[in-house]
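Below, each chain spelled out in residue letters.
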Amino acid sequence: MTAHRVTLIPGDGTGPELTEATRRVLEATGVGFDWDIRHAGTDVMDEHGGNPLPDHVLDSIRENGAALKGPITTPVGGGFRSVNVGLRKALGLYAQVRPCKSYPGVRSRYSNVDLIVVRENTEDLYAGVEFEEGTEDADGLLDWLAGKGYPELRRDSGISIKPISETGTRRIVQFAFDYARANGRREVTAVHKANIMKFTDGLFLHVARDVAEENTDVGFQDRIVDNLSMQLVQRPEEYDVLVLPNLYGDIVSDLCAGLIGGLGLAPGANFGDGIAVFEPTHGSAPKYAGQNKVNPMAMMLSGVLMLRHLDEGAAAERVESAIAEVIAEGRSVTYDMKPTRDDPTAVGTSEVADAIIEKLEVMP
């Protein structure tokens, strides 16, 4: 059996603990891995001139084609820009996939959620085209807009530009249809605000409809994003695969994570051409670093996505089933999955891994 060569990025904060627990579970399946361990984040900045994402990390992912990544801290309001965003831009990871699925035993108002959020990663308001308030560039842009007859904007405005292209939209919507088809899903819903932003979201909707006409074996519908948000909290079972521009995808994916019990159960994957990076969607929780406390299941479920990507479908099903059994039993789970957060029977990160591995060892 040939081992899968995979870049393993432990991350920082609680990342190394979560990564180690996940590595142990994945290896317990019997699938062979040849881990190429690379470090990124706050812990390596000093030795790389303040760069939290060294070139050797990117080179490893390009060479191996697949990476499993622990969470990495992003400073709020200053410091370096997000390592996650840097990875997506440098590697062309244009599609983010976030499955949201209910598991019996999780405290949630819902028990019937099973949907997938497909988010465009490279365009929209997150493309980074911004002009700071009071700068010469911002003033010049305001003057240009006024000269074109647009309503006068306040002179103390910061400005962000929202690019949505036909190329980027066609690529992400086709990806959503392909992902739906490969995973036995029934319908793709394009999410937009085309009633207001007619030349950006309007373009997204127009192209999505065109792509849908080329993929008639999978159902298609569209929803305005605010209406979708209401319907998701009323009847989430009606939705299957959602495809969204960048900003809406970020917000709606967290909303959907809330439907299933929170980010502790929200895996993620980012896909480009020949490259895939798998990671939990929560942050690094640095205040809990080294305490063996944080729920590792989101990262383990990200490992399940990676197993499927590597054509190890049987192993993926075994891991997901083992996780589901541990959740249903409710004994070997972290504090966030107990009836109360101060429950003394809560276990740590490594003990969750132990319980899942024990399940794997008795599975056929």
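Structural data are supplied above this passage.
Residues numbered from 1 in each chain as written. Predicted model: local features only at pLDDT ≥ 70, side-chain atom pairs only at ≥ 80, totals over all residues. Heavy atoms only, no water.

Peer 1: I'm lost on the pattern of salt bridges in this one. Help?
Peer 2: Counting across every chain of the model gives 28 salt bridges. In this structure, the salt-bridge partner of E279 is K69, at a minimum N-O distance of 2.7 Å. Taken as a pair, E279 in strand β12 (residues 276-280) and K69 in strand β3 (residues 66-69) lie far apart in primary sequence, 210 residues in all. In this structure, E320 engages K101 in a salt bridge whose closest nitrogen and oxygen atoms are separated by 3.0 Å. Residue E320 is located in helix α10 (residues 313-329), and its partner K101 is located in strand β4 (residues 95-101); the two are separated by 219 residues in the primary sequence. Overlapping salt bridges, with partners in common, bring together R5, D34, D36 and R38 in one network. (Salt bridge = Lys/Arg side-chain N within 4 Å of Asp/Glu carboxyl O. Helix = DSSP H or I, 4+ residues; strand = E, 2+ residues; numbered from the N terminus.)

Peer 1: Whenever I open this one, the packing of aromatic side chains confuses me. Can you help?
Peer 2: The way to describe two aromatic rings as a pair is by their centre distance and the angle between their planes. One pass over the structure, following the stated rule, counts 8 aromatic pairs. Considering the side-chain rings of F175 and F271, the 5.5 Å spacing of their centres and the 40° angle between planes classify their relative orientation as tilted. With F175 in helix α5 (residues 166-182) and F271 in strand β11 (residues 267-271), this residue pair connects regions lying 96 residues apart in the sequence. One exposure class covers both F175 and F271, and it is buried. Judged by centre distance (6.4 Å) and plane angle (55°), the rings of Y179 and F271 are tilted. One end of the pair, Y179, is in helix α5; the other, F271, is in strand β11, with 92 residues separating them in the sequence. By relative accessible area, which is 14% here, Y179 ends up buried. Its relative accessible area of 11% is what places F271 among the buried residues. One aromatic cluster is present, formed by Y94, F175, Y179, F271 and F278 through successive ring pairs. In this arrangement the basic side chain of R171 is found over the ring face of Y94, its NZ or CZ atom lying 4.1 Å from the centre. Above the face of the Y335 ring, K293 is positioned so that its terminal group lies 5.0 Å from the ring centre. (Phe/Tyr/Trp six-rings, centres within 6.5 Å; stacked < 30°, edge-to-face > 60°. Buried < 20%, exposed > 50% of the residue type's maximum accessible area, 1.4 Å probe, protein only. Lys NZ or Arg CZ within 6 Å of the ring centre and 35° of its normal.)

Peer 1: Explanation requested: the packing of helix α7 (residues 225-234) against helix α8 (residues 246-259) in the structure shown.
Peer 2: Axes are the key here: two packed helices are described by the angle between their axes and the distance separating the axes. At a closest axis distance of 10 Å, the pairing of α7 and α8 adopts a crossing angle of 10°. Taken together, the axis directions place α7 and α8 in an arrangement best described as roughly parallel. Contacts between α7 and α8 pair V225, L228, S229, L232 and V233 from the former with Y248, V252, L255, C256 and L259 from the latter. (Axes fitted to C-alpha atoms, helices over the stretch in contact; angles between N-to-C directions. Parallel < 35°, antiparallel > 145°, perpendicular 65-115°, else oblique. Contact = heavy atoms within 4.5 Å.)

Peer 1: What's the story with the pairing of β12 in this structure? I'm lost.
Peer 2: As a general feature of sheets, a regular strand has side chains that alternate between the two faces. With 5 of 5 residues buried, β12 lies mostly within the body of the structure. Alternating residues of β12 divide into A276, F278 and P280 and V277 and E279, and every residue in both groups is buried. Summarising the sheet, β3 and β12 pair through 3 bridges and their orientation is parallel. Looking at the pairing, A67 lines up with V277 of β12. As paired elements, β11 and β12 share 5 bridges and run antiparallel to each other. The partner of A269 across the bridge, within β12, is F278. The turn linking β11 back onto β12 is made up of 4 residues, and G274 within it adopts a positive phi angle of 80°. (Pairing = 2+ DSSP bridges.)

Peer 1: Any chance you could explain empty space enclosed by the protein here in plain terms?
Peer 2: By rolling a water-sized probe across the atoms, one finds the places where empty space is left. Going through the model one piece at a time under the given rule, you end up with 2 cavities of 30 Å³ or more. Residues of the lining of the largest cavity, tallied by class, amount to 6 nonpolar, no polar and 2 charged. The computed volume of the second largest cavity comes to approximately 30 Å³. Lining the second largest cavity are E120, E123, I164, G168, T169, I172, F204 and P245. Ranked by residue count, the leading element in the lining of the second largest cavity is α5, at 3 residues. Across the lining of the second largest cavity, the residue classes tally to 4 nonpolar, 2 polar and 2 charged. (1 Å grid on protein atoms, 1.4 Å probe; cavity = no way out; pocket = protein on both sides within 12 Å on 5 of 7 lines; lining within 4 Å. Points joined across faces, edges and corners; volume = space filled by probe spheres on them. Nonpolar A, V, L, I, M, F, W, Y, C, P; charged D, E, K, R; others polar.)

Peer 1: Just checking my understanding: could you explain the sheet that holds β12 for this structure?
Peer 2: Remark on secondary structure: sheet strands pair via backbone hydrogen bonds, oriented parallel or antiparallel. Here 10 strands make up an open sheet; going across it, the order is β2-β1-β3-β12-β11-β4-β5-β10-β8-β9 and the pairing mixed. Both outer strands of the open sheet, β2 (33-37) and β9 (219-224), are each paired with one neighbouring strand and no more. On average, each strand axis in the sheet is inclined to that of its neighbour by 25°, with strand direction left out of account.

Peer 1: Honestly, α5 in this entry has me stumped. Any pointers?
Peer 2: Side chains that are three or four residues apart share a direction in an α-helix, a result of its 3.6 residues per turn. In this model, α5 (17 residues) spans 24 Å end to end at C-alpha, consistent with the 24 Å of a helix rising 1.5 Å per residue. Along α5, the positions that sit buried rather than exposed are G168, T169, I172, V173, F175, A176, F177, Y179 and A180. Looking one or two places after α5, you find G184, whose phi comes out positive at around 65°. (Expected span 1.5 Å × (residues − 1).)

Peer 1: Could you clarify how one ought to interpret the environment of L125 in this entry?
Peer 2: In this structure, L125 sits in the loop between β5 (114-120) and β6 (130-131). The partly exposed category is assigned to L125, whose relative accessible area is 30%. Considered as a pair, L125 and L142 are 17 residues apart in the sequence and their alpha carbons are 18 Å apart.

Peer 1: Help me out: how do you make sense of the packing of helix α9 (residues 297-309) against α10 in this one?
Peer 2: Remark: α9 packs on α10, axes separated minimally by 7 Å, with the N-to-C direction vectors making an angle of 160°. Classified by the interaxial angle, the pair formed by α9 and α10 is roughly antiparallel. Seen from above, α9 lies across α10 with left-handed handedness. Of the residues in α10, those in contact with M297, M300, L301, V304, L307 and R308 of α9 are G313, A315, A316, E317, V319, E320, I323, V326 and I327. By residue class, the composition of the contact of α9 with α10 is 11 nonpolar, 1 polar and 3 charged. (Left-handed = near helix turned anticlockwise from the far one by under 90°.)

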